[in-house]
Amino acid sequence: MEFNFSKEQLSFREEVKAFIKEAKEQNTYTFMDNGFCEVLSQEFSKKMSKKKWIGLSWPKEFGGKGKGYIDKVIMIEEMLKVGAPLGYHYVADRQVGPGLIHFGSEYLRNKFLPPILNAENTWCLLFSEPGAGSDMANCKTNAIDKGDHFLVNGQKVWNTNAHVSDYGWALVKTNHDPKTYKYNAFSEMIIDMKSPGITVRPIYNTLGIHSFNEVFLDDVKVPKENIVGKMDNGFRQIMTNLDYERSGIDRLLQNASVHIALMDYIKTTEQNGQPLSKDPLIRDQIAQLEIEYEVGRLYVYYVSYLLDSGKIPSSETAVGKTFCTTYESKLVDMTMSIMGMPGLLRNGSPEALYDGSVGQSYLWSVPYTVQAGSVEVLKNIIAQRGLKMALK
Ligand SMILES: Cc1cc2nc3c(=O)[nH]c(=O)nc-3n(C[C@H](O)[C@H](O)[C@H](O)COP(=O)(O)OP(=O)(O)OC[C@H]3O[C@@H](n4cnc5c(N)ncnc54)[C@H](O)[C@@H]3O)c2cc1C
């Protein structure tokens, strides 16, 4: 066994680093923590598209580059370490494309895959509802069959970037027979966000930033051909989709800059005549953090290895997301406890540390262990699917 990256993978990592260096030197893009979902730059996405780095791990027959998931993790790892602005294409590349490749009709693949690959449109996910987050089978948004189209009514919530998206990937109820087993009542469909009847309202997060929304659907007409995969099979399809959302290195590196700031802070800040980095208690905490980071990183590569071997991870993605997002929360918690109150100050305040970026990341971090499946629910998945501890 050779426990290392191949020569090609090492050289690909260098290529990605050079690409980032050049993009940073251009000084026209915003690099920040969470840039992969919060900063939408079509120009940056087009730059990546030219290199065929959107769809990097999609099969060649669907216009992708046909590389492995390990290559994809290498690329995303380098991008997220510097907070690259991937938000314009991220959801479509990670979930929509693979969802269409697995389940979509030829019509949908032909219509939607090329513009995703060319960074010509941006997407949002319309899954959660006020009464259906963890328990998505409680979804109430109704799609009624009207012959050549569906009439959709309902409300979605927490929809990241819905206010700037061209299309939404939605879970809707299509089987209205009350006797139907609840997991057989839903379908996935693509909704044009410019359709009449759609109202998108902002929700401001703890930072006062508008990134997610409520989406109201009132008599929205959706063509029949926009159903993805089999009718009433949406719940099962979405579980596969969610595994893509949960398995990436984006669940480890959402606040990568905090680690850099923390290391700098402990080396440059003195207490009792010596740098904090010489304090045994701090050294112990930092070493523990490093162990957890390395384990999380290794686990993400392990999951991509499973995908490259043709295996379908399931409880493994739950293990990875739980472990990695718990690390991210611990990183900011520990940083805040070491930096104290100045760490919380926002940009513009004279005492703010690292331009207020640490305090900003601290507030961003609150939902890390909730979005895309909360750790409590993921632990249930690990127990049931992984350890076969199903409840009777
Ligand atoms: C930053 C962010 C971005 C998001 N973006 C999107 C998006 O783009 N599109 C979209 O559709 N959704 C999005 N979401 C919604 C996200 O998927 C849901 O918040 C998540 O699934 C949890 O659902 P909920 O908020 O309804 O909480 P609930 O399901 O109500 O859970 C509340 C609490 O109860 C616990 N809980 C629930 N059920 C169980 C159980 N069976 N066992 C143990 N504990 C349980 C949970 O762990 C949690 O702590 C986003 C959320 C966040 C925070």
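Residues numbered from 1 in each chain as written. Predicted model: local features only at pLDDT ≥ 70, side-chain atom pairs only at ≥ 80, totals over all residues.

## Digging into the overall build of the protein
To be explicit about the condition: Helix and strand definitions here come from DSSP, where helices need a minimum of 4 consecutive H or I residues and strands a minimum of 2 consecutive E residues; each element is numbered from the N-terminal end. Within these notes, the globule rule equals 2.2 Å times the number of residues to the 0.38 power, and the radius of gyration is based on C-alpha atoms. The contact criterion used here is simple: two residues whose C-beta atoms, placed from the backbone, lie within 7 Å are in contact.
Looking only at helices and strands, the protein has 12 helices and 10 strands in total. Relative to a compact globule of 392 residues, whose C-alpha radius of gyration would be 21 Å, the protein shows 22 Å and is just as compact. Structurally, the protein occupies a C-alpha span of about 75 × 50 × 45 Å along its principal axes. The contacts of the protein with a sequence gap of at least 6 include a subset with a gap of at least 24, amounting to 71%.

## Examining the site of the ligand
Stated formally: All residues are tested the same way: a C-beta atom is placed from the backbone, and lying within 6 Å of a molecule or strand makes the residue near it. For this classification, Asp, Glu, Lys and Arg are treated as charged, while Ala, Val, Leu, Ile, Met, Phe, Trp, Tyr, Cys and Pro are nonpolar and the rest, including Gly, are polar. Per the annotation, domain bounds derive from an automatic or database assignment of domains.
Neighbouring the ligand are 20 residues; Gly133, Ser134, Pro367, Ser374 and Glu376 lie closest to it. For the shell around the ligand, the secondary structure elements donating two or more residues are strand 1 (123-126) and helix 12 (375-386). By residue class, the composition of the shell around the ligand is 10 nonpolar, 9 polar and 1 charged. Looking at which domains feed residues into the shell around the ligand, each of domain 2 (124-232) and domain 3 (247-386) supplies at least three.

## Some details on unusual backbone geometry
Let me state the cut-off plainly: With C-beta atoms placed from the backbone, a residue is labelled by how many other C-beta atoms lie within 10 Å of its own: buried for 20 or more, exposed for 12 or fewer, partly exposed between the two.
Positive phi, close to 60°, is recorded for asparagine 161, a residue that is not glycine. By secondary structure assignment, the location of asparagine 161 is in the loop between strand 3 (149-157) and strand 4 (167-173). Here asparagine 161 falls in the buried class, since 22 other C-beta atoms lie within 10 Å of it. The backbone phi angle of lysine 388 is positive, close to 55°, even though this residue is not glycine. Mapped onto the fold, lysine 388 is located in the segment after helix 12.

## A few points about the domain arrangement of the protein
By the assigned domains, the protein splits into domain 1 (7-121), domain 2 (124-232) and domain 3 (247-386). At the junction of the two partners, domain 1 supplies 14 residues and domain 2 supplies 13 residues. Elements supplying a minimum of two residues to the side of domain 1 that touches domain 2: helix 2 (35-38), helix 5 (90-103) and helix 6 (106-117). Counting residues per element, the side of domain 1 that touches domain 2 draws most heavily on helix 5, which supplies 5 residues. Here the side of domain 1 that touches domain 2 is composed, by residue class, of 8 nonpolar, 5 polar and 1 charged.

## Thoughts on helix 1 (residues 7-26)
To keep it simple, the criterion reads: The span expected for a helix works out to 1.5 Å for each residue beyond the first.
Between the first and last C-alpha of helix 1 there are 29 Å, a value that for 20 residues agrees with the 28 Å anticipated at 1.5 Å per step. Burial within helix 1 is sparse, with just 2 of its 20 residues counted as buried. Phi turns positive one or two residues past the end of helix 1, at asparagine 27, with a value near 60°.

## Brief notes about the packing of helix 4 (residues 69-81) against helix 9 (residues 280-308)
Put simply, the test is: For helices, the axis comes from a line fit to the C-alpha atoms of the stretch in contact; other axes are also lines fit to C-alpha atoms, and the angle between any two N-to-C directions lies between 0 and 180 degrees.
Running from amino to carboxyl end, helix 4 crosses helix 9 at an angle of 145°, the nearest separation of the two axes being 8 Å. Residues Tyr69, Ile70, Lys72 and Val73 of helix 4 form the contact with helix 9, whose own contacting residues are Val300, Tyr301, Ser304, Tyr305, Leu307 and Asp308. The residue inventory of the contact of helix 4 with helix 9, partitioned by class, reads 7 nonpolar, 1 polar and 2 charged.

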